[in-house]
Amino acid sequence: MKRSNKPVYKTRIFWASILFAQFILFQILQRIPQAVSLFTAFFQRQKGLHQQLFGGVPFSVGDVLYILIILAGMALLYKSFSSKKALRSLLILINFVFFFYQIFWGMMYFRPPLDSRLPSTTVELDNLKDYAYKYLRLATAARARVAEDNDGVFRISDPELKKHIVDNQRNLPAPFNDNLTNKVVSVKESLYSGILSQTGILGYYNPFTAEAQFNKHLPHSFVPATIAHEAAHQLGYAREQEASFIGFLNALQSDNPDLQYSNYLFVLKNLLANIKRHDKDFVKNFMDSFPPALHRDINAEQRFVDENRSWLAAVLSVTNNLFLKINGQEGSVTYNHFVRLLDAYEKQKRLHPKMQSKKHK
Ligand SMILES: [Zn+2]
């Protein structure tokens, strides 16, 4: 038998084995609570460092990094049909990306869920209807305090909105104030906003640079809630519905009408979508009672979705669901989870009104 004199780390089989070993290792670590807390502590450090490095850069460094990784990956994949060396390089690249993704972010999906900090409740349809009235009232009040464009559609007027959202995370109520903060505002417009519009993606967190990106073409009513959601990821809340819930709490503790309105409208739409499955007539009558300004904003959102709908959305909603499933999530089916958190929060407030936090600077 001919023996190869290549060092082992230069072989494809070595890097394929390392990838497999990594996969097993993180599968094990996910199940060890102490390991997850260790990674949570590490997250706070690395995120702080990355935000100091990249927060001041006026464009999304992570978006540039993504395109470089994708281009390198595609070039190596193409070459690997004819070159064993290129295949090895591709395996090394995948190993690195997988490793840093896991240590910077992947483990955060395995933190104890937020439900564990709230009383366990059963969501009743009548509760949801009560909340719908409440958040319609709040959204209407906030809407009266915001600016409009020439078509009478909501327009963000606070130029310091990003900073307000990040700073206001300090005011999150107990038991959601883990003393986790973002010291640097690192919220950027996505360089891929055009593509995002076609996919229905509002924003995303980049685990490699700790930047939050949002689609700059979105109707404004989506934007403050999206930023609050992505900034919640920056606190280490990885799960989608939990990030939305933290974003909502941020708005509750804020007196900024742009942030309040966008979030209350988001809550309202969520509630109505949940109610609709059980009582269509209620939702129809309820929406007929909306003030005209809310109708104008919701129509603008719907127009945006209709104008941009493309085949990409269909493809991506499949891959996005797969991605969430890989991370132990339920994909878009977790939709109800936000409403369950809201329900538990509302009931807890009713039981312990004193537990609401006081605002502090
Ligand atoms: Zn998210």
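Predicted, not measured: the structure shown is a model, and the values here were computed from it.

**Q** Just checking my understanding: could you explain helix 5 (residues 125–143) for this structure?
**A** Each α-helix winds once per 3.6 residues, and so residues spaced three or four apart point in a common direction. Taking 1.5 Å as the rise per residue, helix 5 with 19 residues should run 27 Å; its terminal C-alpha atoms sit 26 Å apart, in good agreement. All buried positions along helix 5 are accounted for by Asn127, Leu128, Lys129, Tyr131, Ala132, Tyr135, Leu136, Ala139, Ala142 and Arg143.

**Q** Any chance you could explain the coordination of the zinc ion here in plain terms?
**A** Expected angles at a metal are 109.5 degrees for tetrahedral coordination by four donors and either 90 or 180 degrees for octahedral coordination by six donors. For the zinc ion, the full set of protein donor atoms is His229 (NE2), His233 (NE2), Glu240 (OE) and Glu240 (OE), and the range of their distances to it is 2.1 to 2.5 Å. Coordination at the zinc ion is irregular, judged from the 4 donor atoms that bind it and the angles of 53 to 128° they form at the metal. Spacing between the donor residues of the zinc ion along the chain follows H-x3-H-x6-E. With His229 and His233 both in helix 8 (residues 223–233) and 4 residues apart, the pair spans about one turn of that helix. Residue His229 shares its accessibility class with His233, and that shared class is buried.

**Q** Explain the packing of helix 10 (residues 257–276) against helix 11 (residues 280–288) here, please?
**A** Helix-helix packing: each pair is described by the crossing angle between the helix axes and the interaxial distance. Two elements in contact, helix 10 and helix 11, have axes separated by 7 Å at closest approach and are oriented at 145°. Contacts from Leu268, Leu272, Ile275 and Lys276 in helix 10 reach Lys280, Phe282, Val283, Phe286 and Met287 in helix 11.

**Q** Sorry, what's going on with empty space enclosed by the protein here?
**A** Unfilled space is identified by rolling a water-sized probe across the atoms. Per the stated rule, a full pass over the model turns up 2 cavities of 30 Å³ or more. In this model, the largest cavity occupies a volume close to 60 Å³. Lining of the largest cavity is provided by Met108, Arg111, Pro112, Leu114, Arg117, Gly236, Tyr237, Ala238, Arg239 and Glu242. By residue class, the composition of the lining of the largest cavity is 5 nonpolar, 1 polar and 4 charged.

**Q** What should I look at first to understand the confidence of the model for the protein in this one?
**A** Where the model shows low pLDDT, its predicted coordinates should not be examined in detail. Mean pLDDT over the protein works out to 89, with 90% of the residues at or above the 70 mark. For residues 324–335, every residue scores under 50 in pLDDT, and the model assigns this stretch 19 contacts once sequence neighbours within four places are set aside. pLDDT under 50 marks residues 356–361. Its contacts with residues more than four places away, or in other chains, come to 12 contacts.

**Q** What is the right way to read the domain arrangement of the protein from this model?
**A** By convention, interface size is frequently given as the accessible area that disappears when the constituent parts associate. Considered domain by domain, the protein is made up of domain 1 (8–110) and domain 2 (114–355). Just the C-alpha atoms count here: the centres of domain 1 and domain 2 sit 29 Å apart. The interface of domain 1 with domain 2 comprises 28 residues on the first partner and 30 residues on the second. Here domain 1 packs against domain 2, burying approximately 2600 Å² in sum over the two surfaces, 60% of which is carbon and sulfur. Sorting the residues of domain 1 by area buried against domain 2 places Gln51, Asp63 and Tyr109 first, and these three jointly supply 28% of that buried surface. Connecting domain 1 to domain 2 are 0 salt bridges. Applying the counting rule to domain 1 against domain 2 returns 18 residue pairs in polar contact (both at pLDDT 80 or more). Secondary-structure elements contributing two or more residues to the side of domain 1 that touches domain 2 are helix 2 (33–54), helix 3 (61–79) and helix 4 (84–104). By residue number, the principal contributor to the side of domain 1 that touches domain 2 is helix 2, which donates 8 residues. Of the residues contributing to the side of domain 1 that touches domain 2, the split by class is 18 nonpolar, 8 polar and 2 charged.

**Q** Please explain a positive patch on the surface as it appears in this structure.
**A** Where like charges cluster on the molecular surface, the positive patch consists of Lys6, Lys10, Arg12, Lys84 and Lys85. The topology assignment puts Lys10 in the segment before helix 1 (12–29).

**Q** Would you take a moment to explain the pattern of salt bridges for this structure?
**A** Pairing is possible between side chains of opposite charge, provided their charged atoms come close. Scanning the model with the defined rule gives 12 salt bridges in all. The salt bridge involving Lys129 is made with Asp279; its shortest N-O contact spans 2.7 Å. On the criterion of sequence distance, the pair formed by Lys129 in helix 5 and Asp279 in the loop between helix 10 and helix 11 is long-range, its members being 150 residues apart. As a salt-bridge pair, Lys269 and Glu301 come within 2.7 Å of each other at their nearest N and O atoms. One end of the pair, Lys269, is in helix 10; the other, Glu301, is in helix 12 (residues 292–308), and 32 residues separate them in sequence. By relative accessible area, which is 27% here, Lys269 ends up partly exposed. A relative accessible area of 5% places Glu301 in the buried class. Each of Arg143, Glu148, Arg296 and Asp297 takes part in salt bridges that share partners, so that together they form one network.

The rules behind these values
- Residues numbered from 1 in each chain as written.
- Predicted model: local features only at pLDDT ≥ 70, side-chain atom pairs only at ≥ 80, totals over all residues.
- Heavy atoms only, no water.
- Helix = DSSP H or I, 4+ residues; strand = E, 2+ residues; numbered from the N terminus.
- Expected span 1.5 Å × (residues − 1).
- Buried < 20%, exposed > 50% of the residue type's maximum accessible area, 1.4 Å probe, protein only.
- Donors = N, O, S within 2.8 Å, 3.2 Å for Na, K, Ca; no water.
- Tetrahedral: all angles 85-135°; square planar, octahedral: opposite > 155°, others 65-115°.
- Axes fitted to C-alpha atoms, helices over the stretch in contact; angles between N-to-C directions.
- Contact = heavy atoms within 4.5 Å.
- 1 Å grid on protein atoms, 1.4 Å probe; cavity = no way out; pocket = protein on both sides within 12 Å on 5 of 7 lines; lining within 4 Å.
- Points joined across faces, edges and corners; volume = space filled by probe spheres on them.
- Nonpolar A, V, L, I, M, F, W, Y, C, P; charged D, E, K, R; others polar.
- pLDDT = per-residue confidence, 0-100.
- Domains from an automatic or database assignment.
- Buried area = accessible area lost by both parts, 1.4 Å probe.
- Salt bridge = Lys/Arg side-chain N within 4 Å of Asp/Glu carboxyl O.
- Polar contact = N/O pair within 3.5 Å; in protein donor to acceptor, adjacent residues only side chain to side chain.
- Patch = residues over 30% accessible without salt bridge, like charges linked within 9 Å, V, L, I, M, F, W, Y side chains within 5 Å.
- Areas by Shrake-Rupley, 256 points an atom, 1.4 Å probe, with all protein chains shown as cover.
- Lys, Arg positive; Asp, Glu negative; His and termini not counted.
- Charge placed at Lys NZ, Arg CZ, Asp CG, Glu CD.

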